[in-house]
Amino acid sequence: MRNGFLFAALLLSAAPPGVAAEQEPPKLPPGGDEVIPTTSTPQPLSGIAPAIEEVEVEAPEPRYVAPTLRDSIGRIWAPVLINGKGPFRLVLDTGASRSALLPRVARALGVPIQPSSMRVHGVTGSTDVSTVAIDQLEVGELLIESTRLPIVPDVFGGADGVLGNEALGDKRIFIDFRRDRIEISRSRSERPGLGMSKIPLKSRGQLLSFKTNIGSVPTTAVIDTGAQRTIGNQALRTALNRRARNWQQEEIIGVTLDVEKGDNIPTPPIKFGKAMISGVRVTFTDTAIFDHWQLTDEPALLLGMDVLGLLDVLVIDYKTKELHVRFRGPKQTLTKGRDSMLD
């Protein structure tokens, strides 16, 4: 019997004819505390590589945790020891029910790859993959022993694989985007820290989600740290009555290498706690994962790193089923007992 596991997608943008690749940057409302996501530069359709200007980067590149900026989407990578070797950088993927590795990691570990014996379900489809037997996987206070992990293609932008949620049931994940820091520890039911807001979460199997509003539309938002972009289903698009204005067509490529297309469209502000995130663009398509998670009939979206990477600090507590967040903002805001925007 094959087991099914879930993985997130990598999005590649392509602007349709008549639509400029460069988007008008969203603007902050008066007050300057509202946060704004950005999207990555669309890939050219012509196949002709554009000229690339060489620049020198003097600032150190974050090793594990990077925020969403105007020209890049954030990421959360965890430094993981596997069979005592590493650390290997695995994408923290709260939408994946099983960790997974790239073939190069198996080679580095010197472990044999077994023929196709496991089925994985990605955002865009499912397929049978090979596996490797792992004695131990360790990061922080998370320890997985004697397990078999799927081998998946490299769609992770430089990471060595995926750290899924199979052993996070009693864990607390602390992510500091400003300080390039990630900690995975046992939850001790800690209260939100200074200047942070608490958002109650609900379990959908191994997924964590919360109720939010996009404009006036009640929506289920699934926390998906493995997805680059935020993806909405067709039920949400219909409820918002979003027509294809100022749109971009995007190709969604999952770990199965299946490709689906969606329309990337501006949406009304998304409620995040008591903050409102404006300037959001959501890619609308009924990918296979919405059907697998039984989220096709109600407005729903996968909240990806284009939005989550806007935070200053993100805490995911699996035991208490709480999200603790602090948005970027002026220094005086962060020194108060609570954010000016958040409950």
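Reference entry: report on the structure contained in this document. (Residues numbered from 1 in each chain as written. Predicted model: local features only at pLDDT ≥ 70, side-chain atom pairs only at ≥ 80, totals over all residues. Heavy atoms only, no water.)

## A closer look at the sheet that holds strand β12 (residues 181–186)
By way of backbone hydrogen bonds, the strands of a sheet pair with one another, either parallel or antiparallel. So the rule is basically this: Pairing between strands is defined by DSSP: at least two bridges between the two strands are required. Here a strand is any run of E in DSSP of at least two residues, a helix any run of H or I of at least four, and the numbering for each starts at the N terminus. To obtain each axis, a line is fitted to C-alpha atoms, and for helices this fit is confined to the stretch in contact; angles are then taken between N-to-C directions over 0 to 180 degrees.
The strand order across the open sheet built from five strands is β12-β11-β24-β25-β13, with neighbouring strands paired in antiparallel fashion. Whereas interior strands pair on both sides, the edge strands pair on one side only; in this sheet they are β12 and β13 (197–200). Across the sheet, the axes of successive neighbouring strands diverge by a mean angle of 15°, strand direction being ignored. Across five bridges, the pairing between strand β11 (residues 171–176) and strand β24 (residues 311–317) is antiparallel. Residue pairing across strands places Phe174 opposite Val315, the latter belonging to β24.

## Digging into the packing of aromatic side chains
To be explicit about the condition: In this scheme Phe, Tyr and Trp rings, the latter by its six-membered ring, pair at centre separations within 6.5 Å, and the angle between planes marks the pair as stacked below 30 degrees, edge-to-face above 60, and tilted otherwise. Only protein chains enter the accessibility calculation, which uses a 1.4 Å probe; a residue whose area is less than 20% of its type maximum is buried, one above 50% is exposed, and one in between is partly exposed. Two thresholds decide whether a charge sits over a ring: the Lys NZ or Arg CZ must be within 6 Å of the ring centre and within 35 degrees of the ring normal.
Applying the stated criterion across every chain, the model contains two aromatic pairs. Ring centres of Phe210 and Phe272 lie 5.6 Å apart, and the angle between their planes is 40°; this geometry places the pair in the tilted category. Here Phe210, found in strand β15 (residues 207–214), pairs with Phe272, found in strand β20 (residues 270–272); they are 62 residues apart in sequence, far enough to count as distant. The pair formed by Phe210 and Phe272 is uniform in burial state, with each residue classed as buried. Members of the aromatic cluster, each reached through a chain of ring pairs, are Phe210, Phe272 and Phe327. Positioned above the aromatic ring of Trp77 is the side chain of Arg75, whose terminal nitrogen or guanidinium carbon lies 4.2 Å from the ring centre.

## Comments concerning the environment of Gly84
With respect to the helices, strands and loops of the structure, Gly84 is situated in the loop between β4 (75–82) and β5 (85–92). A residue is classified by how much of its surface remains accessible, and Gly84, at 60% relative accessible area, is exposed. Each C-alpha atom, one on Gly84 and one on Gln136, is 7.4 Å from the other, the two residues being 52 residues apart in sequence.

Without other data, these values stay purely geometric and don't point to any function.
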